[in-house]
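Secondary and tertiary structure notes
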Amino acid sequence: VSTITTNQCYSGGEGQKSNARWMRSSHGVSIRIFAGVNFISTHFDSDAFVFQFRHSLLEYGVKWLILNLSGGQGDRYLGPHSILTTLNRGSTPKFVPDGEWDTGNLPLELYTDRDLFGEILDGLNTIGIKVIAYMAAQTLAESRVYDYNNKSPYLDSCALCPGLTRIPAPYCACAPSVRLWNKYVFSVYGDNDEGTLQKAYAQGIVAEYA
């Protein structure tokens, strides 16, 4: 958790004020939650978090929170998405029943989606806290990707990557979910170069979450 103080949120020339004027001379905090399907995103208690925020931070003048909507690689998120969740069920949180984490088999198609970001957003709204969503756009908006290994519970990288990228087997350090997104973009836009990926990220991902 980091603490941020903003003293000046004006931009431009005389008389011009930025959209961040409400942040002026206030304090905020930033937290990161591991996105996608994982034990934390399943069991994170959003009500307890809002309770702790109210009773531990409000009295010190904290007015806003920066919360990650995506993971650090840009391929996992804290809320369901009509495209990403369909391409890779592991890219967004699920309610995984207790006891199934130890089985090594997670039938993601059977689990209910969880909008953890939305839960936190709604909870903080009740106590007057504004939320700034952080999204790591550098991965899904670029053709260069780096991600988890073949032990990932999301997808079998070794089995899928040879068909999704030019990287030959047995190299498995690619991101199947990102490669699937690349293929999806190509099918919709007719290309998946850098500019097209950036356009698709803005129109297909950012716009929906916004």
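Residues numbered from 1 in each chain as written. Predicted model: local features only at pLDDT ≥ 70, side-chain atom pairs only at ≥ 80, totals over all residues. Heavy atoms only, no water.

**Some details on the packing of helix 2 (residues 46–56) against helix 4 (residues 116–125)**
Remark: helix 2 packs on helix 4, axes separated minimally by 9 Å, with the N-to-C direction vectors making an angle of 35 degrees. Along this stretch, helix 2 crosses helix 4, giving a crossing that reads as right-handed. The segment helix 2 lies against helix 4, with Ser-46, Phe-49, Val-50 and Phe-53 engaging Leu-116, Glu-119, Ile-120, Gly-123 and Leu-124. Taken together, the residues of the contact of helix 2 with helix 4 break down into six nonpolar, two polar and one charged. (Axes fitted to C-alpha atoms, helices over the stretch in contact; angles between N-to-C directions. Helix = DSSP H or I, 4+ residues; strand = E, 2+ residues; numbered from the N terminus. Left-handed = near helix turned anticlockwise from the far one by under 90°. Contact = heavy atoms within 4.5 Å. Nonpolar A, V, L, I, M, F, W, Y, C, P; charged D, E, K, R; others polar.)

**A word on the environment of Ala-35**
Counting through the fold element by element, Ala-35 comes out in the loop between strand 2 (26–31) and helix 1 (39–43). Residue Ala-35 is classed as buried on the basis of its relative accessible area, which comes to 1%. Separated by 43 residues in sequence, Ala-35 and Leu-78 place their C-alpha atoms 5.1 Å apart. (Buried < 20%, exposed > 50% of the residue type's maximum accessible area, 1.4 Å probe, protein only.)

**Some details on the side chain of Arg-114**
Mapping Arg-114 onto the fold places it in the loop between strand 5 (112–113) and helix 4. On the basis of relative accessibility, which here comes to 5%, the residue Arg-114 falls in the buried class. One polar contact links the side chain of Arg-114 to the main-chain carbonyl oxygen of Phe-44, over a distance of 2.7 Å. Setting aside its immediate chain neighbours within four residues, Arg-114 contacts Ser-41, Thr-42, His-43, Phe-44, Ser-46, Leu-78, Gly-79, Pro-80, Pro-93, Lys-94, Phe-95 and Glu-119. (Polar contact = N/O pair within 3.5 Å; in protein donor to acceptor, adjacent residues only side chain to side chain.)

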